[in-house]
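# A closer look at the structure
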Amino acid sequence: MAIFQIHVYSDTLMQDVSCSLILPLPNVTNMEYGTRYTYPAENEKYQVVWLLHSGAGDHTKFIRGSRIEHYAKVNQVAVVMPSVGNSFYCNLPHHGNYYDFYTKELPAIMGSLFPLSKRREDNFIGGISMGGFGAFAAALRNPDQYEAAFSISGALDLDELGSIESISEWYKQISGCVFGDHRQYYNPSEHDLYSMAMNLLNEGKKIPRLYASSGSEDMYYQASKKVVDKLQQLPIELTYVEGKGAHDWDFWDPQLKAIFEWLKVRKAFVSE
């Protein structure tokens, strides 16, 4: 296995950015168990999972909290984990175009540095909490870019977050950056997942497969379930899983394991 800590300049954000990348390269288990992890040949690429952190997190979130290195290894996929601060994966009118960064510029940068497949069927995106919103937004606004998207404990309804008392100060700051102090920047095509899905259906485009899960004791439960209920009324493929759990890794990590099975990755290199 290899974990890369990448620091690179972003033209979109006009600043240096940080990103982690996991590649399932040969390691000691090749010797111990006779497994055969190899390096990609010249014409071979990795399938890619773009993994998005929660609010107040960064590119190390999954490495520190989950078994993501193991899941990348057994599924033979590359995992890319960017940092976007508290941007909610949106273009912020006065603080940087983070949506453009993680959906457009970042794939171009990483694809130029590492053997990552660019094909739709080889790219998947997901995240926890704030990252769940970012994953669904990316997939619903770029259906030709991702085969599937997943949200774990997703903060999918940005307005619903305002009713959660424990995060009121954080939400006040974030909503002001995203929507503006008087909601003058609110745009349902950028901030409302149901509107994004309807836009795709009206355009007759294929919607990526979606997976959402939430713990029954999660503080963000309603922020996730309200959007899922609306999306399930549409003619789209959406898997919803609910179980006992809170907003923590005790719920998130088992979900990651299940989701990698749901993704149906090749567990092998792909050719382009």
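Above this text you will find the structure in question.
Residues numbered from 1 in each chain as written. Predicted model: local features only at pLDDT ≥ 70, side-chain atom pairs only at ≥ 80, totals over all residues. Heavy atoms only, no water.

## Details of the nonpolar core
Which entries qualify depends on this criterion: We define the nonpolar core as a collection of buried residues of types Ala, Val, Leu, Ile, Met, Phe, Trp, Tyr and Cys that are connected through side-chain atoms lying within 4.5 Å of one another. Relative accessibility decides the category of a residue: with a 1.4 Å probe and only protein chains considered, values under 20% of the type maximum give buried, values over 50% give exposed, and everything between is partly exposed. To qualify as a helix, a DSSP run of H or I must reach at least 4 residues; to qualify as a strand, a run of E must reach at least 2; elements of each kind are numbered from the N terminus. Only heavy atoms enter the contact rule, under which two residues are in contact if any of them lie within 4.5 Å.
Grouped together as the largest cluster of nonpolar side chains are 64 residues, with contacts concentrated most on Val80, Phe88, Tyr102, Met110, Ile125, Leu161 and Leu193. Top element by residues in this core is helix α5 (residues 130-141). It accounts for 8 residues. Here Tyr102 is in contact with Leu52, Tyr89, Pro107, Ile125, Gly134, Ala137, Ala138 and Tyr146, once residues within four sequence places are set aside. Membership of the second largest hydrophobic core comes to 26 residues, among which are Met1, Phe251, Trp262 and Leu263.

## Digging into the pairing of strand β9 (residues 148-152)
Selection rule: A right-handed crossover is one whose linking path, passing over the helix from the first strand to the second, runs clockwise when the strands point away from the viewer. Being paired, for any two strands, means DSSP has found at least two bridges between them.
For β9, the tally of buried residues reaches 5 of 5 residues, placing the bulk of the element in the interior. Residue alternation in β9 divides its side chains into two sets, Ala148, Phe150 and Ile152 and Ala149 and Ser151, and both sets are buried. Handedness of the strand β8 (residues 123-128)-α5-β9 crossover: right-handed. The pairing of β9 with strand β10 (residues 209-215) spans 5 bridges and is classified as parallel. Its bridge partner being in β10, Ala148 is matched across the sheet by Arg209.

## Quick notes on the packing of helix α8 (residues 193-203) against helix α9 (residues 221-231)
Filter applied, for reference: All axes here are fitted lines through C-alpha atoms, helices being fitted over the stretch that makes contact, and every angle between N-to-C directions spans 0 to 180 degrees. The labels follow the angle: roughly parallel below 35 degrees, roughly antiparallel above 145, roughly perpendicular from 65 to 115, and oblique for the rest. What makes a crossing left-handed is the near helix being turned counterclockwise from the far one by less than a right angle; a clockwise turn instead makes it right-handed. Here the nonpolar group is Ala, Val, Leu, Ile, Met, Phe, Trp, Tyr, Cys and Pro; Asp, Glu, Lys and Arg are the charged ones; every other residue, Gly included, is treated as polar.
Relative to each other, α8 and α9 sit at 20°, their axes nearing to 9 Å. Relative to α9, the element α8 lies roughly parallel. Pair α8 / α9 crosses with right-handed handedness. Taken together, the residues of α9 that come into contact with α8 (itself represented by Leu193, Tyr194 and Ala197) are Val227, Lys230 and Leu231. Its residues assigned to classes, the contact of α8 with α9 shows 5 nonpolar, no polar and 1 charged.

## Details of the pattern of salt bridges
Selection rule: Salt bridge, as applied in this entry: a Lys or Arg side-chain nitrogen positioned within 4 Å of an Asp or Glu carboxyl oxygen.
Inspection of the entire model under this criterion finds 11 salt bridges. For Lys104, the salt bridge identified is with Asp100, shortest N-O distance 3.7 Å. Within this pair, Lys104 and its partner Asp100 are both found in helix α4 (residues 98-113), separated by 4 residues, close to a single helical turn. Using a relative accessible area of 45% as the deciding quantity, one classes Lys104 as partly exposed. Among the residues examined, Asp100 registers a relative accessible area of 21% and is labelled partly exposed. The closest approach of N and O atoms between Asp122 and Arg119, which form a salt bridge, is 2.9 Å. Of the residues examined, Asp122 reaches a relative accessible area of 2% and is grouped as buried. The network of salt bridges with common partners includes Arg119, Glu121 and Asp122.

## Here's the deal with α4
Our working rule: Fitting one axis to the seven residues ending at a residue and another to the seven starting there, the bend at that residue is the angle between the two axes.
When the local axis directions of α4 are compared, the greatest deviation, roughly 40°, occurs at Glu105, which is followed within four positions by the proline Pro107. When we look at burial in α4, the residues that qualify are Tyr98, Tyr99, Phe101, Tyr102, Thr103, Glu105, Leu106, Ile109, Met110 and Gly111.

## With respect to the state of the cysteines
To keep things clear, this is the line we draw: The definition used for a disulfide is geometric: two cysteine sulfur atoms within 2.5 Å.
Going through the model one piece at a time under the given rule, you end up with 0 disulfides. Cysteine Cys19 remains unbridged, with the sulfur of Cys90 as its closest cysteine sulfur at 19 Å. Sulfur of Cys177: no disulfide; nearest cysteine sulfur belongs to Cys90 and is 11 Å away. For Cys177, a relative accessible area of 26% puts it in the partly exposed group.

## Some words on the environment of Leu140
With respect to the secondary-structure elements, Leu140 resides in helix α5. Linking Leu140 and Lys205, residues 65 residues apart in sequence, is a C-alpha distance of 9.9 Å. Among residues more than four places away in sequence, those in contact with Leu140 are Leu193, Met196, Ala197, Leu200, Ile207 and Leu210.

## Description of α8
Operational definition: The arc under discussion is defined with respect to the helix axis, by the directions toward the C-beta atoms. Pairs of N or O atoms within 3.5 Å make up the polar contacts considered here, provided that, within protein, one atom can donate a hydrogen while the other can accept it, and that residues adjacent in sequence are counted only when both atoms are side-chain atoms.
Residues Leu193, Met196, Ala197 and Leu200 constitute the buried set of α8. All buried residues of α8 lie within an arc of 95° about the axis, which places them on one face of the element. On its buried face, α8 sits against α5, α7 (188-191) and α9. At the N-terminal end of α8, a side-chain oxygen is found 3.3 Å from the backbone nitrogen of Tyr194, two or three residues along, and the residue is Asp192. Residue Gly204 follows α8 closely and has a positive phi angle near 70°.

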